[in-house]
Amino acid sequence: MTKASNIAATTKTIVKKHGRDKSALIAVLQDIQEAFNYLPKDALKAAGKSLGIPFSRVYEVATFYNAFSLKPRGEHIVKICMGTACHVRGAAAIQDKMERTLCIKPGETTPDNKFSLETVNCVGACALGPVVVIDTEYHGQVTMNKVDKIIGKLKEEGAQQ
Amino acid sequence: MVNLTVDGKNISVSEGTMLLEAIRGAGISIPTLCAHEAVSRSGACRLCVVEIKKGTRTRIVTSCLYAAEEGLIVDTKSERVLNVRRLVMELLLARCPESDVLKKLAQELGVEPQARFVADTDKGKCILCRSCVRVCEEVVGVSAIGLFARGSHKTVGTAYNEKSDVCIGCGACVYVCPTGHIEMISTGDKRKIWGRTFKMQPCDKCGKYFAPVDQLKFISKKTGVPLSELTVCTECR
Ligand code: SF4
Ligand code: FES
Ligand code: FES
């Protein structure tokens, strides 16, 4: 399947799953992001069309929430918590270390499409600070060493595949 | 009918009348930017604030969105109202320092730019009132534009800042915009708006270019009137 027809077909299935209900727009966008790791423009257009929502309105919603990304993201999404508790426990140093390890800044993706770096404000696990969330896994009390270990492991996993 | 007091004057208005209309009907002026008769209300500019009193409690409300109530006591010029309005004006001015409309309004209200509010340089003249988006959706019915992102990044435009394929070039957004933010350039047989160039239709009788061809096509499709009957301008009709 070509990329474009894959986007169209996947979007169609997702919209159908939500009963073509206008009020399910956010849920539809979440599913699209789950499928592609970001919100492709063609998917937004297709979703709007089949839900009967103007493209401009869909784009309003897609740009409103930080959880939605309009840019393709890497296979692994690394989120560094910058909340108050993590901040006082050295989140800035962890961010610096992570940036040097992955060679990217927050909001960017590595050239091999493996990692995207993001910063967030409190993930609700303050007692574990500084916290780094990778995909759905929470890493607490992160240190410089731990950054090397976690990222090293993920890189290895990729190499084995 | 509902009876209320505005600045000490007893007035009565029909049920459902907004305070703004009630107050203006009593001959008292209230500054507004975002309330436009063509679109539903957003309460975005906050300039129309007044103080209301119910029993012993007083409160600041936006008069354009507050329906008149029996026995309500409204003050449009209290110190509190003027303070709130001045602050709102100062913030609007800091957002759009280039807007002549805002500059003039500020002068009328005796407001000057404040050093404590750093002036924006990237917002143009847009105060994010959403009137343009509403007219495009509610009146024109195409929803070509929207307000994107949020907070200090919020901007008006077309999705992805690209040419919209549903825009018909009618210029209704330009017409309702209170500050003149939206740029529409008409030169002879062409009109440019939101990054798209539209071909204009000359009037069959006087030859004047009067509307984008796409707009006439849209009207024809909506009303069923053949396009050939729409190619005469309103003055020659
Ligand atoms: S462009 Fe004008 S009408 Fe549209 S939101 Fe901005 S100020 Fe309001
Ligand atoms: S501040 Fe990081 S989890 Fe709360
Ligand atoms: S006129 Fe009431 S908020 Fe703008």
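Each value, and the rule that gives it
Residues numbered from 1 in each chain as written. Chains lettered and ligands numbered in written order. Predicted model: local features only at pLDDT ≥ 70, side-chain atom pairs only at ≥ 80, totals over all residues. Heavy atoms only, no water. Buried < 20%, exposed > 50% of the residue type's maximum accessible area, 1.4 Å probe, protein only. Helix = DSSP H or I, 4+ residues; strand = E, 2+ residues; numbered from the N terminus. Contact = heavy atoms within 4.5 Å. Near = heavy atom within 4 Å. Nonpolar A, V, L, I, M, F, W, Y, C, P; charged D, E, K, R; others polar. Domains from an automatic or database assignment. Buried area = accessible area lost by both parts, 1.4 Å probe. Salt bridge = Lys/Arg side-chain N within 4 Å of Asp/Glu carboxyl O. Polar contact = N/O pair within 3.5 Å; in protein donor to acceptor, adjacent residues only side chain to side chain. Phe/Tyr/Trp six-rings, centres within 6.5 Å; stacked < 30°, edge-to-face > 60°. Lys NZ or Arg CZ within 6 Å of the ring centre and 35° of its normal. Pairing = 2+ DSSP bridges. Axes fitted to C-alpha atoms, helices over the stretch in contact; angles between N-to-C directions.

### Some points on helix α4 (residues 55-64) of chain A
Counting buried residues in α4(A) gives seven out of 10 residues, a clear majority hidden from the surface. All buried positions along α4(A) are accounted for by A:Ser56, A:Arg57, A:Val58, A:Tyr59, A:Glu60, A:Ala62 and A:Thr63. Lining the buried residues of α4(A) we find α2 (25-36) and α3 (41-51) of chain A together with α4 (131-140) and β6 (146-148) of chain B.

### Describing the site of ligand 1
What surrounds ligand 1 is a group of 13 residues, the closest being B:Cys126, B:Cys129, B:Arg130, B:Cys132 and B:Cys177. Taken together, the residues of the shell around ligand 1 break down into nine nonpolar, three polar and one charged.

### Some points on the domain arrangement of chain B
Residues and elements named next belong to chain B. You can read the domains of chain B as domain 1 (2-109) and domain 2 (131-229). Each of domain 1 and domain 2 was reduced to a C-alpha centroid, and the two centroids are 31 Å apart. Across the boundary between the two partners, domain 1 contributes 13 residues, which contact 10 residues of domain 2. In this assembly, domain 1 packs against domain 2 so that about 860 Å² is buried in total across both faces, 53% of it on carbon and sulfur atoms. Broken down residue by residue, the surface that domain 1 buries against domain 2 is led by His36, Val39 and Ser40, which jointly contribute 44%. For the pair domain 1 and domain 2, the number of links is zero salt bridges. Taken together, the connections running from domain 1 to domain 2 amount to four residue pairs in polar contact (both at pLDDT 80 or more).

### What about the packing of aromatic side chains?
Using the criterion set out here, one finds five aromatic pairs over all chains in the structure. Each ring, one from A:Tyr59 and one from B:Phe148, has its centre 4.7 Å from the other, and the planes form 70°; the classification is edge-to-face. Remark: B:Phe148 occurs in strand β6 and A:Tyr59 occurs in helix α4; the pair is interchain, linking two chains. Overall, the relative accessible area of 11% leaves A:Tyr59 in the buried class. Taking the relative accessible area as the measure of exposure, B:Phe148 reaches 5% and is therefore buried. A centroid spacing of 6.0 Å and a plane angle of 90° characterise the contact between A:Tyr65 and A:Phe68, whose relative ring orientation is edge-to-face. Given a relative accessible area of 11%, A:Phe68 falls into the buried group. Put simply, the rings of A:Phe55, A:Tyr59, B:Phe148 and B:Tyr160 pair up and form one aromatic cluster. Here the guanidinium or amino end of A:Lys41 rests over the ring plane of B:Tyr160, the centre of that ring lying 5.0 Å away. Above the face of the A:Phe64 ring, B:Arg150 is positioned so that its terminal group lies 4.8 Å from the ring centre.

### Some remarks on the interface of chain A and chain B
The partner chain B presents 14 residues to the 15 residues of chain A that form the contact. Summed over both sides, the interface between chain A and chain B buries roughly 1200 Å², with carbon and sulfur atoms accounting for 51% of that surface. Looking only at chain A, the three residues that lose the most surface to chain B are A:Arg57, A:Tyr59 and A:Glu60, adding up to 40% of its buried area. Between chain A and chain B we count three salt bridges in total. Here B:Glu162 and A:Lys41 are joined by a salt bridge, their closest N and O atoms 2.6 Å apart. Across the chain A-chain B interface, the total number found is 10 residue pairs in polar contact (both at pLDDT 80 or more). Going through the elements one at a time, α3 and α4 of chain A are the ones with two or more residues in the side of chain A that touches chain B.

### Structural notes on the pattern of salt bridges
Residue and element names in this part refer to chain A. Scanning the model with the defined rule gives 22 salt bridges over all chains in all. We note a salt bridge from Asp96 to Arg100, for which the minimum N-O separation is 3.3 Å. Of this pair, Asp96 and Arg100 both sit in helix α6 (residues 91-102), separated by four residues, roughly a single helical turn. For Arg100, a relative accessible area of 53% puts it in the exposed group.

### Here's the deal with the domain arrangement of chain A
Here the domain parsing of chain A yields domain 1 (4-64) and domain 2 (76-160). The centre of domain 1 of chain A, based on its C-alpha atoms, is set 29 Å off from the matching centre of domain 2 of chain A.

### Description of the sheet that holds strand β11 (residues 209-212) of chain B
Residues and elements named next belong to chain B. Taken in spatial order, the four strands of this open sheet run β8-β9-β10-β11, and their pairing is antiparallel. Bordering the open sheet on either side are β8 (184-187) and β11, each of which pairs with just one other strand. Pairs of neighbouring strands in the sheet enclose a mean axial angle of 30°, with direction left out of account. Two elements, β8 and strand β9 (residues 190-193), share four bridges in a ladder whose sense is antiparallel. Within the sheet, the bridge partner assigned to Met184 lies in β9 and is Ile193. Sitting on the sheet, helix α6 (residues 213-223) touches β10 (196-202) and β11, and the angle it makes with β11 is about 65°.

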